[in-house]
Every structure is written in C-alpha cells, then in structure tokens.
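Chain by chain, the residues:
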Amino acid sequence: MSAPVNGQRARGARPTSARRVAFDVLRAVQVDDAYANLLLPSRIRRAGLSARDAAFATELTYGSIRMLGRYDVIVGIASGRRVENIEADVLDVMRLGTHQLLGMRTPTHAAVSATVELAREVGARRATGFVNAVLRKVAARTDAEWDAAITEGRGGDALLATRWSHPTWVVSALRDALAAERSRDELAALLAADNVAPRVQLAALPGLATDDDIATATTAADDPADPADADAAPVHRADADTDGQDVSDAVDRTDDPSEDDRATGAVPPVRSEADLSPVSPTGIRGVSGDPARVPGVAAGRLRVQDEGSQLAALALSRSSDVRPGERWLDMCAGPGGKAALLAAEAAVGGAHLVANELVPARVGLVRKALAGFGDVVTVVEGDGRRFGRDGAGVQYDRVLLDAPCTGLGALRRRPEARWRKQPEDVPELAELQSELLDAAVRVLAPGGTLAYVTCSPHLAETRGQVDAVLERHPGVLEQLDTAGVVRSVAVRDPQVADGPVAQLWPHRIGTDAMFVALFRRVG
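Residues numbered from 1 in each chain as written. Predicted model: local features only at pLDDT ≥ 70, side-chain atom pairs only at ≥ 80, totals over all residues. Heavy atoms only, no water.

K.L.:
Which residues make up the packing of helix α5 (residues 88–103) against helix α7 (residues 128–139), and what values do they have?
P.N.:
If you want to describe how two helices pack, look at the angle between their axes and the distance between the axes. In the contact formed by α5 and α7, the axes pass within 10 Å of each other and the chain directions differ by 30°. In terms of axis orientation, α5 runs roughly parallel to α7. The element α5 and its partner α7 pack so that their crossing is right-handed. Contact residues: Val90, Val93, Met94, Gly97, Thr98, Leu101 and Leu102 in α5; Phe130, Val131, Val134, Leu135, Val138 and Ala139 in α7. Partitioned by chemical class, the residues of the contact of α5 with α7 number 11 nonpolar, two polar and no charged. (Axes fitted to C-alpha atoms, helices over the stretch in contact; angles between N-to-C directions. Helix = DSSP H or I, 4+ residues; strand = E, 2+ residues; numbered from the N terminus. Parallel < 35°, antiparallel > 145°, perpendicular 65-115°, else oblique. Left-handed = near helix turned anticlockwise from the far one by under 90°. Contact = heavy atoms within 4.5 Å. Nonpolar A, V, L, I, M, F, W, Y, C, P; charged D, E, K, R; others polar.)

K.L.:
Can you tell me about the side chain of Gln310, naming the residues and giving the values?
P.N.:
Here Gln310 is to be found in helix α16 (residues 307–317). Within the local environment of Gln310, its side chain forms a polar contact with the backbone nitrogen of Gly283, the two atoms lying 3.3 Å apart. Not counting chain neighbours up to four residues away, the residues in contact with Gln310 comprise Leu202, Ala203, Ser280, Thr282, Gly283, Gln305 and Leu341. (Polar contact = N/O pair within 3.5 Å; in protein donor to acceptor, adjacent residues only side chain to side chain.)

K.L.:
Talk me through the pattern of salt bridges; I want residue IDs and the actual numbers.
P.N.:
Here the structure, examined in full by the defined rule, presents 33 salt bridges. When the shortest N-O distance is used, the salt bridge between Arg20 and Glu121 registers 3.2 Å. With Arg20 in helix α1 (residues 18–32) and Glu121 in helix α6 (residues 108–121), this pair connects stretches of sequence that are 101 residues apart. Measuring nitrogen to oxygen at the nearest pair gives 2.9 Å for the salt bridge that ties Arg508 to Glu181. Pair noted here: Arg508 is in helix α23 (residues 506–509) and Glu181 is in the loop between α10 (168–179) and α11 (187–194), with a separation of 327 residues, a long-range link. Residue Glu181 is classed as buried on the basis of its relative accessible area, which comes to 11%. If you follow the salt bridges from partner to partner, you end up with Arg27, Asp72, Asp92 and Arg95 in one network. (Salt bridge = Lys/Arg side-chain N within 4 Å of Asp/Glu carboxyl O. Buried < 20%, exposed > 50% of the residue type's maximum accessible area, 1.4 Å probe, protein only.)

K.L.:
Could you give an account of the sheet that holds strand β1 (residues 200–204), with specific residues and numbers?
P.N.:
Pairing is antiparallel in the open sheet, where three strands are placed in the order β2-β1-β3. What marks the edges here is a single partner per strand, and that holds for β2 (283–287) and β3 (302–304). Direction aside, the axes of adjacent strands within the sheet are offset by 30° on average. (Pairing = 2+ DSSP bridges.)

K.L.:
Describe α7, naming the residues involved and giving the relevant values.
P.N.:
Two residues of an α-helix separated by three or four positions point the same way, owing to the 3.6 residues in each turn. Across its 12 residues, α7 extends 16 Å between first and last C-alpha, which sits within 8% of the 16 Å expected from 1.5 Å per residue. What α7 keeps buried is the set Thr128, Phe130, Val131, Val134, Leu135 and Val138. Down the axis of α7, the buried side of the element spans an arc of 155°, and every buried residue falls inside it. Pointing more than 90 degrees away from the buried face of α7 are the exposed residues Arg136 and Lys137. Along its buried surface, α7 packs onto α4 (68–79), α5, α6 and α8 (143–151). (Expected span 1.5 Å × (residues − 1). Arc of directions from axis to C-beta.)

K.L.:
Describe in detail the packing of aromatic side chains, supporting the description with residues and values.
P.N.:
Tallying each qualifying case throughout the model produces one aromatic pair. When the centroid spacing of 6.4 Å and the interplanar angle of 70° are considered together, the rings of Tyr452 and Phe515 count as edge-to-face. In this pair, Tyr452 sits in strand β8 (residues 444–454) while Phe515 sits in strand β11 (residues 515–521), placing the two residues 63 residues apart along the sequence. In this pair, the class of Tyr452 matches that of Phe515, namely buried. For the cation-ring pair, Arg81 lies above Phe130, with the distance from its terminal atom to the ring centre recorded as 4.1 Å. (Phe/Tyr/Trp six-rings, centres within 6.5 Å; stacked < 30°, edge-to-face > 60°. Lys NZ or Arg CZ within 6 Å of the ring centre and 35° of its normal.)

K.L.:
Report on the pairing of β1, specifying residues and quantitative values.
P.N.:
Counting buried residues along β1, four of its five residues qualify, which places the element largely inside the surrounding structure. Relative to β2, β1 runs antiparallel, the two being bridged by four bridges. Counted as the bridge partner of Leu202 is Ile284 from β2. Relative to β3, β1 runs antiparallel, the two sharing three bridges. In the strand pairing of β3, Leu202 is matched with Val304.

K.L.:
Give me the side chain of Asp512: which residues, what numbers.
P.N.:
Inspection of the secondary structure assignment puts Asp512 in the loop between α23 and β11. With relative accessibility at 6%, the residue Asp512 sits in the buried group. There is a polar contact of 3.2 Å between the side chain of Asp512 and the side chain of Arg412. A distance of 3.3 Å separates the side chain of Asp512 from the side chain of Arg413, its partner in a polar contact. Discounting chain neighbours no more than four positions away, the residues touching Asp512 are Asp306, Gly409, Ala410, Arg412, Arg413, Leu504 and Pro506.

Following this line, the structure appears as structure tokens:
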C-alpha cells in the first residue's frame, strides 16, 4: 500500500480504512512500545481520514487498548483458547472487533464482516474463519451477559480488575489511595472513570488569553458533536449501569448502593465529563474536534491542558501574593504545559521562571511551549537532582517538582500505561522522587514555597513521599493547607479531602488524579 503524501493518497492506492489505522497503532503499541496518543494523529493524517472516520479510529484504538484486559477474557471464553496461544496479529484484530461489538454503536453485521476483512487485509487470511466464529459468539451475548460470565467465581480486586479492565495491582493501589481519605467505596466509580474517553480541556493563559479567545473556545465547547460521528461514540458500561440517566457527582449519588454493590463494583459511576463545568479558573472544557483549529490555541494564548494540571500549577503560583522579582523553578518541566501556565503567572506578577528538563527531546518541547515569553523564562537542560550541588548558590522563592511517576492518575488519557507499568517500577520511581525532593529543598529560599506534584495517587509516590521528606528535613519544612489552597484557587468545589495534601479524582470532578502537597521553608 502506498503511503499518502502530504495527507493525500497516491493515485490508484487503496484507501486506508479507519479500522486499519486502529490496527496499525494497536500493533505498534504492542510491538514497539509506541504511545497511542502520539502515533494515532499522524496515522490519521497519513490515511487522509474524514472527520467521521478519524473519530471512529480514535475511539476504536483507545477503547480497545483501555479494555484490552476485559476483552482478552471474553475472547478466551468465546474461542475456547488461552489468548497467549492466539497469534498476536489475530488477537489484535479480535480485540478491535470485540470493542466494536460491545463498546461502540457499530451494528453487528458491520463489525463482524469488516473485522474479518481486516484480518484478510493484514495478512491473517488463514484465520478469517476463526475470527468470524469468535466474533459471532461474542455478538451472541450482551455486554452485561459477558460481564456475568467473566466475573463468575471472582471476588475482591480480581473481580474489579476483570470488570473494569485494570491490572489487579493497580486496582489495589487505587483502593489504598481512596482508603487514605476514607473513600474506599468510590473505587468502582474511579475505575469506570478511567475507561471513559476524556474530552479536550484548555487552559487560558493569564495575561495573554483574550475575552474573544475564551468566548470562541467556549462556543466551540458548547457546540453539539457532529451527528455523523454517532457511530464512533462509545457505549460505556457506565452508561448502561445508569440507564442513561444523569447521575450526579460521585459523592452526591441519589441512590444508596448496597454493600453487595460495593463489593462487586456495581456502583453507578459519575455523569459524563461533558456535563461538568470547569473547576480551574483558567479552564475551558469540552472542545470538540481538533483543538488546533480554535483560534486562541493556534495563537498560543490557549493551551491544551488537563484542569488537574492547571490546579497543581496554580496552587503554587497563587498560594500567596507574588512579589516582583521572585525567582521560580520548574525542576522537571517537560513537555512544558505547567511551565507555560507558570510563565504566564510569572509575567503577570513580575517573577522569573527557570524551566529545567533532563531529556533533550523534551527540552525542545519546553522551549517551544515557552516561546514568546521572552526574558520572563530561562530554559535549562540537566538532571534536576543537581540543584543545590552545582555551586550556583541560587535559591528560589517557588519551586514546582512535577515528579516522574507511574502515571496511574492519567490512565484515561494514556490508555496503554495501565498495561506497561509494573509494581516493580514503583520503588525505583520513589527513590528518584525522594532525591528530587531533597534537591528542591536545598534550593528553596527561606519562606519559599515548594509544590510536590504527581499524576499518580499511589501512596508510595504521594503521602509516603510527604512523610519521608519531612522526616529527612526536620525543622526545615512546614506543610501548608494544600486542600484549602486548592479550594481557594478552584472556581467550584474540587472535592478534595481536608488536610495538608490535595488528591484530585476523575470520577469526582473530571480531571486527572493529580496529587499536590505544598510546603514552606521555615526561616
């Protein structure tokens, strides 16, 4: 097949279907450790897909990856084989077919016939009869009937892991994180939220975004989705559980689930993120289509950024009044989203931001994100652990440590992450986080504020790090009322528990599960 040139297909070449695009990305994720969110847009452009087909390919790709664990159990039952014994390309084809049958509005005949044709197209002609037979067995049951079949005989975290398509160790880690704030009964709602495709959220950069920028983006956000995209819309188990009714925020449910419901994970999850208003003062929600077509985004005054990330950055910049001349440091700035918001805040307040990044490719992304801020920012490259040991003697009034982490709080945006991370990754990351925290403390000026941030709620990366850094630096740091700061910054209730840390949750407010802890250096 000839590759398209500049988004156009070569004359006479067979068009690349949305299903083939999804298959190619799914294989690249499996074989090459590719990132779906980085690869899929370029594959869609190369294929020259229409808006409708692009939407179909996007949901098919992301949905199949998110639900991979659940679908493998279903395929195993329907085929009578262990999925480990099914050839990898054939298994990926059937994962895509299963998502069309159980997770999308694709008619059965279209899903089966098109998936069989996909198997033939990708060189699995030998398996077309097998694919057809398995998918017809999948189609013979509803998703609810399959749920009963795949969870039979399972209990506890194993049942939840199968039902909501998460590794068991991730389910256990999320359960512990919720239990730390006495919210263990919200686990099923959290797992369900991880499986709902997030809509685009924008940040309006303070001092740069105009009223017209915001109004235009808000109008785009308010526009209904193109009816032509209806076939691409996912049918989530969450929707089925609530009979399509508008369910209020997780802690405000109108029905009181029974103990049996809590044990089996049948608690109705939150309503769609699209129904929730922004929680960040710079946030804009629900933009449909390509955000690059929004004028403010194209001009760089609006940025694509999850509102949880916005609140994390603003908790630092707005924790106290900014004094002109303050020095700020973003220790792990790549790819530059939080750095851009901090740079805008620094420009308004008369501060200067140093944005540091270790990985050269990400340094380039940071420079691009901060282009146009002039002498408000300085971008530097290097290991964040060097700060305080490089002989520079510079201290900073505000330090953001957005630490490398497992990313368990952003599983809805990074669908492959749940299958790649392993529990063995946590200790190594925790050690790095501790070393970076110590460096942040070394360069924090007396009276200065440190924000420790992760996009993971894992206790070893969050509360455990907070306790440990206080033990390592007795009498040096004091904790601030982070929950109170986040509430004061947010434009509606962020639904964080009281205390010196703030943990955001997607099932409550429609953001990534960002963790924030604020400290002040004594002196």
